Amino acid sequence: MELATSFRQTWAEVDLTAIKENMKRIRQRYPNKKIYVAVKANAYGHGYIPVSEAALETGADALAVASLDEAVLLRENFPQAPILVMGWTDPRHVSIAAKSEIELTAFQPDWFTQAAEILKDKREKVKIHIKIDSGMGRIGIKTKEEAYAVIEEVANFSSEFEISGIFTHFATADSFDLSYYQQQLDHFYEMLEMFSPIRTLETQVHIGNTAASMRFPDDMVDGIRFGIGLYGLYPSKEVEKISAIQLNEAFSLQSRLAHVKELKPGEHISYGATYEAEQQEWIGTVPIGYGDGWIRKLQGFEVLVEGERAEIVGKICMDQLMIRLPKPYPVGTKVTLIGENGGQRIRVDDVADYLETINYEIPCIITNRVPRVYLTS
Ligand SMILES: *Cc1c(COP(=O)(O)O)cnc(C)c1O
């Protein structure tokens with residue numbers, strides 16, 4: 001369980017068996033569609049390499065990331081896997097992608113002009129996924145004019161560009177109200193028709209994120225981009241309620257008591273001395289803090305010690321925090337910040353609810369100072 005390379009008493013556990021099980025379930029639901037797994041941001045904080053390996057082993061077809069840097073890192077470790085960059089890449093770097101067989105997202109007519117010049121010189125070809133902005137308002141082709149201009153560029157430079165994909169991203173596929181989703185879908189199909197002159201048999205249309213792919217299997221075209229579900233988290237409470245797929249949460253966060261002491265009434269804890277013991281109390285010190293991503297807003301939230309809930313009291317420091325214990329425990333006793341402990345459980349969703357954010361953000365903000373330990377059975 002302990003990392004040989006780490007002496008820390010704080011670590012995150014990533015259950016690769018859970019990740020593989022989640023992958024197998026989405027694969028069962030889509031036996032014949034291309035499944036891109038979203039492993040950007042260090043696989044949502046779970047670890048690029050072990051997660052990608054687990055997903056590829058259990059049915060993922062391709063890896064999807066946000067940047068060329070992430071793609072290059074994955075290419076070094078996965079020489080064969082298709083890798084897609086879903087964000088914008090500077091066209092000056094197109095040759096790196098071509099050489100490493102990394103597929104890029106593009107949508108600006110100028111981008112194609114600039115990239116084509118470089119590729120033509122070097123006699124290279126790059127695989128492109130054209131992004132349509134059907135209502136997310138982030139990146140992609142919005143208007144018919146932009147679409148015509150891109151089609152013209154691609155047609156002019158057929159030796160430089162291969163259109164491997166056409167895709168869009170939904171803004172509201174995780175909510176009950178489906179009117180905006182439907183509007184995006186309609187808009188996407190309208191745009192898609194325009195691209196038939198540059199579509200080939202190799203061109204995959206992929207539109208669904210986890211929410212859309214779990215809810216609307218009939219709407220998915222050739223492929224899906226599966227992110228949060230791979231990690232065993234539901235994109236929203238709405239999706240969790242109606243989900244046909246049971247997911248297994250993969251991430252947990254653990255530490256050990258570094259110190260235990262008795263506080264007398266009137267004594268204080270941490271910066272600002274804002275916490276005052278009202279009676280005799282047992283206080284434990286846990287070696288994790290906001291420098292690990294366990295942010296100060298988590299003051300007042302609970303952790304688990306021997307199946308008991310213990311409140312975080314006083315200000316959370318950069319490297320340590322204090323908890324009020326029901327009784328004294330020995331130094332070294334396990335403290336669970338996320339996960340199961342003695343029959344009790346704190347879910348990633350509980351942390352997200354306390355912070356009034358979404359579950360996606362929680363494993364992402366646990367910094368690299370916290371070693372990831374991989375469980376394989
Ligand atoms: C991150 C991302 C996904 C995955 O979304 P989930 O909600 O995690 O499934 C899909 N498509 C794009 C463009 C993304 O950036």
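Use the structure listed above.
Keep in mind that this is a model prediction, so the values were computed, not measured.

Asker: Got a minute to help me understand the site of the ligand in this structure?
Answerer: Surveying the vicinity of the ligand reveals the residues Ala 38, Lys 40, Tyr 44, Met 86, Arg 138, His 169, Asn 209, Thr 210, Arg 225, Gly 227, Ile 228 and Tyr 360. Contact distances for the ligand include 2.6 Å between an oxygen atom and a side-chain N or O atom of Tyr 360. About the coverage of the ligand: the protein hides 93% of its 390 Å² of free accessible area. Of the residues that constitute the shell around the ligand, the class distribution is five nonpolar, four polar and three charged.

Asker: In this structure, what is going on with the environment of Phe 157? I would like to understand it.
Answerer: As for its position among the elements, Phe 157 is in the loop between helix 7 (144-156) and strand 7 (161-167). A relative accessible area of 18% means that Phe 157 is categorised as buried. When sequence neighbours within four positions are dropped, the list of residues in contact with Phe 157 reads Ala 116 and Lys 120.

Asker: Quick question: what am I supposed to make of the packing of aromatic side chains here?
Answerer: Two measures describe an aromatic ring pair: the distance that separates the ring centres and the angle between the ring planes. Inspection of every chain in the model, using the stated rule, returns nine aromatic pairs. The interplanar angle of 35° and the centroid separation of 6.5 Å between the aromatic rings of Trp 111 and Phe 161 together place this pair among those described as tilted. One end of the pair, Trp 111, is in helix 6 (residues 109-122); the other, Phe 161, is in strand 7, and 50 residues separate them in sequence. Here Trp 111 and Phe 161 have matching classes, each one buried. One aromatic cluster is present, formed by Tyr 44, Tyr 231 and Tyr 360 through successive ring pairs.

Asker: Mind showing me how you'd approach the environment of Met 318 here?
Answerer: Relative to the assigned elements, Met 318 resides in the loop between strand 16 (308-313) and strand 17 (321-325). The residues touching Met 318, leaving out its near neighbours within four places in the chain, are Gly 289, Tyr 290, Gly 291, Asp 292 and Arg 369.

Asker: Can you help me understand the sheet that holds strand 8 (residues 204-208) in this one?
Answerer: By definition, the strands of a sheet pair up through backbone hydrogen bonds, in either a parallel or an antiparallel sense. Read around the closed barrel, eight strands run 2-3-4-5-6-7-8-9, paired in parallel fashion. Ignoring which end each strand starts from, the neighbouring axes of this sheet average 30° apart. Bridge analysis of strand 5 (residues 102-106) against strand 6 (residues 126-131) gives three bridges, and the strand direction is parallel. Looking at the pairing, Leu 104 lines up with Ile 128 of strand 6. Against the sheet, helix 6 makes contact with strand 4 (83-88), strand 5, strand 6 and strand 7, and its axis sits at roughly 150° relative to strand 7, the strand it touches most. Where helix 8 (residues 179-194) meets the sheet, it contacts strand 7 and strand 8, and its direction lies at approximately 165° from that of strand 8.

Asker: Would you take a moment to explain helix 4 (residues 68-77) for this structure?
Answerer: Three- or four-residue spacings in an α-helix give side chains the same orientation, since the helix completes a turn every 3.6 residues. Within helix 4, the full set of buried residues consists of Leu 68, Glu 70, Ala 71, Leu 74 and Arg 75. For helix 4, the arc enclosing every buried residue in end-on projection is 155°, short of the 170-degree limit, so these residues lie on one face. Those residues of helix 4 that are exposed and angled more than 90 degrees off the buried face are Asp 69 and Glu 76. Next to the buried residues of helix 4 lie helix 2 (40-44), helix 3 (48-57), strand 3 (62-65), strand 4, helix 5 (94-99) and strand 5.

Calculation rules
- Residues numbered from 1 in each chain as written.
- Predicted model: local features only at pLDDT ≥ 70, side-chain atom pairs only at ≥ 80, totals over all residues.
- Heavy atoms only, no water.
- Near = heavy atom within 4 Å.
- Polar contact = N/O pair within 3.5 Å; in protein donor to acceptor, adjacent residues only side chain to side chain.
- Areas by Shrake-Rupley, 256 points an atom, 1.4 Å probe, with all protein chains shown as cover.
- Nonpolar A, V, L, I, M, F, W, Y, C, P; charged D, E, K, R; others polar.
- Helix = DSSP H or I, 4+ residues; strand = E, 2+ residues; numbered from the N terminus.
- Buried < 20%, exposed > 50% of the residue type's maximum accessible area, 1.4 Å probe, protein only.
- Contact = heavy atoms within 4.5 Å.
- Phe/Tyr/Trp six-rings, centres within 6.5 Å; stacked < 30°, edge-to-face > 60°.
- Pairing = 2+ DSSP bridges.
- Axes fitted to C-alpha atoms, helices over the stretch in contact; angles between N-to-C directions.
- Arc of directions from axis to C-beta.

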